[in-house]
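Structure assessment
These are the residues of each chain, in order.
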Amino acid sequence: MRDLFRLDDRVAVVTGALGLLGPVWAEGLLAAGAAVVGIDRPEAKMTDRFRRLLDRYGEKRLGLVRADVCDRRALVRAREFCISEFGTPAILVNNAGIDQPPGKLKKSYRMEDVPVEISRAIFEVNVLGLFQSAQVFGAAMLKAKRGSIINIGSLYASVSPDLRFYDHIPVDPPFLKPPAYGASKAAVVNLTRYLATAWAPRNVRVNALSPGGVKGGQDEKFIRKFSSRVPLGRMAADRDLIGPLLFLASDASSYVTGANLKVDGGYTVW
Ligand SMILES: NC(=O)c1ccc[n+]([C@@H]2O[C@H](COP(=O)([O-])OP(=O)(O)OC[C@H]3O[C@@H](n4cnc5c(N)ncnc54)[C@H](O)[C@@H]3O)[C@@H](O)[C@H]2O)c1
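These lines cover the structure that appears in this document, whether it is placed above or below.

So, how was this worked out
Residues numbered from 1 in each chain as written. Predicted model: local features only at pLDDT ≥ 70, side-chain atom pairs only at ≥ 80, totals over all residues. Pairing = 2+ DSSP bridges. Helix = DSSP H or I, 4+ residues; strand = E, 2+ residues; numbered from the N terminus. Axes fitted to C-alpha atoms, helices over the stretch in contact; angles between N-to-C directions. Contact = placed C-beta atoms within 7 Å. Near = placed C-beta within 6 Å. Nonpolar A, V, L, I, M, F, W, Y, C, P; charged D, E, K, R; others polar. Left-handed = near helix turned anticlockwise from the far one by under 90°. Buried ≥ 20, exposed ≤ 12 C-beta atoms within 10 Å, placed from the backbone. Right-handed = clockwise from strand over helix to strand, strands pointing away.

**Focus: the sheet that holds strand β6 (residues 204-211)**
- In spatial order, the strands read β3-β2-β1-β4-β5-β6-β7; together these 7 strands make up an open sheet with parallel pairing. With partners counted over all chains shown, the strands left at the sheet margins are β3 (62-66) and β7 (260-263), one partner each. Averaged over all pairs of adjacent strands, the angle between their axes in this sheet comes to 20 degrees, without regard to strand direction.
- Of the pairings in the sheet, the one linking β6 to β7 comprises 4 bridges and is parallel in character. Across the sheet, the residue bridging to proline 211 is valine 263, located in β7.
- Docked against the sheet, helix α4 (residues 116-144) engages β1 (11-15), β4 (89-94), β5 (147-152) and β6, running at close to 165 degrees with respect to β4.

**A look at the site of the ligand**
- Residues in close proximity to the ligand total 25 residues, the closest being Gly16, Gly19, Leu20, Leu21 and Gly97.
- In terms of residue class, the shell around the ligand is made up of 12 nonpolar, 10 polar and 3 charged.

**Examining the packing of helix α3 (residues 72-85) against α4**
- The interhelical angle for the contact between α3 and α4, taken along N-to-C directions, is 35 degrees, at an axis separation of 10 Å. Here α3 runs over α4; the crossing is right-handed. On α4, the residues that touch Arg72, Leu75, Val76, Arg79 and Ile83 of α3 are Gln132, Ser133, Val136, Phe137 and Ala140.
- Residue composition of the contact of α3 with α4, grouped by class: 6 nonpolar, 2 polar and 2 charged.

**Structural notes on the pairing of β3**
- Most of β3 is tucked away, with 4 of its 5 residues classed as buried.
- One ladder, built from 5 bridges, connects strand β2 (residues 35-40) with β3; its direction is parallel. Among the inter-strand pairings, isoleucine 39 is bridged to a residue of β3, identified as valine 65.
- Regarding the hand of the β-α-β motif, the stretch spanning β2, helix α2 (residues 48-57) and β3 is right-handed.

**Some points on the pairing of β5**
- Most of β5 is tucked away: 6 of the 6 residues are buried.
- Here β5 shows two buried faces, one formed by Gly147, Ile149 and Asn151 and the other by Ser148, Ile150 and Ile152.
- Relative to β5, β4 runs parallel, the two being bridged by 4 bridges. By the bridge assignment, isoleucine 91 is partnered in β5 with serine 148.
- Of the pairings in the sheet, the one linking β5 to β6 comprises 6 bridges and is parallel in character. Looking across to β6, one finds that isoleucine 149 is bridged to valine 206.
- Crossover handedness for the path β5 to helix α5 (residues 179-199) to β6: right-handed.

Set out below in structure tokens:
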């Protein structure tokens, strides 16, 4: 039965590979036997976590391509690199995403004043970039008649942020999670359904994986408030995410498409 989750001889692509969760997905896929091609923006810094994976698995199992998911030509070049150096992609983890556009954190806004540019930048990456990368890598999967695409959603695809988690942050106006973030993730979940139905006849499955809040450098007050709101009583740890990803990536989920797998400790159930 364990073989159901194995990914030997499969090539996986992970976008946003240099962020917090990119290396978590990459590590899980590598451990299950896949070769992984990470993609990240040209200006994103190499991280210790990704470098450790490179040291451990070597360049034959793990590659990194610089491409912005909003740049279709760069994505096509990344696909060509992936095919020539590793093989046809069988798995795509569409993970690149932004919450606050980089460099825009200096000022807080009231809901009624949020500049449209901030919302546009979030939709550009989280929805349109994700769609483009599904199109570019999905095209290779459709040709091969095999593939699993996992779009990373969020608990905020289903529920609104609870602003009380942030009310200890001393900014005026009070911190506001960008309204476009959850809206973009809701769009990801619905786009997942459409792609799933369109590509099911050609054996390409498309699912969403929606994590809850993942512990990673937040302040203690936030962690306490957030955790008390979660039925399982804590934020997600990296290891909580790997099993659900491998389920969706592998033949263990061969009859699952169009789903939104919520990995949020029950947050969205309450
Ligand atoms: N961390 C969490 O608690 C959490 C919870 C729910 C969902 N998510 C989702 O998981 C995904 C990863 O989150 P994270 O916490 O690792 O974020 P992160 O900011 O640490 O990493 C995101 C990565 O995506 C890259 N990226 C951003 N824009 C890009 C672009 N245009 N082209 C290519 N790469 C780009 C960044 O350079 C970065 O390396 C996101 O989609 C996020 O919305 C995260």
